[in-house]
Amino acid sequence: MLRLSKKADYALMAVRHLAIRSDAGAASAREIAEQYDIPLELLAKVLQRLVRTGILRSTQGTRGGYVLSRPATLISVADVIQAIDGPVSVTACGSEPVSCEQYAKCSIRDPLWRIKDRILAALATCSVHELATEADASAPAGIIHPAVVQPHR
């Protein structure tokens, strides 16, 4: 089964949050953690990794926090996942026959690698902006979706 790690889930939640509220300035790790019930210590590590890989920028101080380092349209879901989990893989073996006894005679390795390339291409075509603009009735309270027009009263 293909499955994202919990850290990758949290990373995607955080970058989506930052994309939704991009006009509001930086968001703290605490704010994001509380909004989505994510353990603060774990989220802080995830956010720091996203900073190290260039997806986020961080600032110190009372108004400090995290912001996207570039427009959400230019950050793909694949970028975020690979920043957290490393290269996407669907097989236990890598490109080197390091410890696989079946490597030389494996009949499914190459087809599975092509499938992995298709999965990665699909993840690369989906931007964080798309995640942020998806109609989502389950968004936590207090998050105002930028595409939602508030009625005048």
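Not measured: the values here are computed from a predicted model.

**Student:** It is not clear to me how the pairing of strand S2 (residues 65-68) should be interpreted in this structure. Could you clarify?
**Tutor:** Taken residue by residue, a regular strand's side chains alternate between the two faces of the sheet. Note: strand S1 (residues 56-59) against S2, four bridges, orientation antiparallel. Bridging from a neighbouring strand, Arg57 pairs with Val67 of S2. If you look at the hairpin formed by S1 and S2, you'll find five residues sitting between the two strands, and Gly61 has a positive phi there, around 105°.

**Student:** Where do I start with the pattern of salt bridges in this structure?
**Tutor:** Side chains that carry opposite charge are capable of pairing whenever their charged atoms lie near each other. Counted according to the given criterion, the structure contains four salt bridges. We note a salt bridge from Asp117 to Lys116, for which the minimum N-O separation is 3.0 Å. Its relative accessible area of 19% is what places Lys116 among the buried residues.

**Student:** I would appreciate a short explanation of the nonpolar core in the present structure.
**Tutor:** For soluble globular proteins, the rule of thumb is that nonpolar side chains tend to be buried together. Grouped together as the largest cluster of nonpolar side chains are 33 residues, with contacts concentrated most on Leu50, Leu56 and Val80. When residues of this core are traced back to their parent elements, those giving at least two are helix H1 (6-20), helix H2 (29-36), helix H3 (40-52), S2, helix H4 (77-85) and helix H6 (128-133). Other than its neighbours up to four places away in sequence, Val80 contacts Ala11, Leu12, Val15, Leu50, Ile55, Ile75 and Val128.

Parameters and conventions
- Residues numbered from 1 in each chain as written.
- Predicted model: local features only at pLDDT ≥ 70, side-chain atom pairs only at ≥ 80, totals over all residues.
- Heavy atoms only, no water.
- Pairing = 2+ DSSP bridges.
- Helix = DSSP H or I, 4+ residues; strand = E, 2+ residues; numbered from the N terminus.
- Salt bridge = Lys/Arg side-chain N within 4 Å of Asp/Glu carboxyl O.
- Buried < 20%, exposed > 50% of the residue type's maximum accessible area, 1.4 Å probe, protein only.
- Core = buried A, V, L, I, M, F, W, Y, C linked by side-chain atoms within 4.5 Å.
- Contact = heavy atoms within 4.5 Å.

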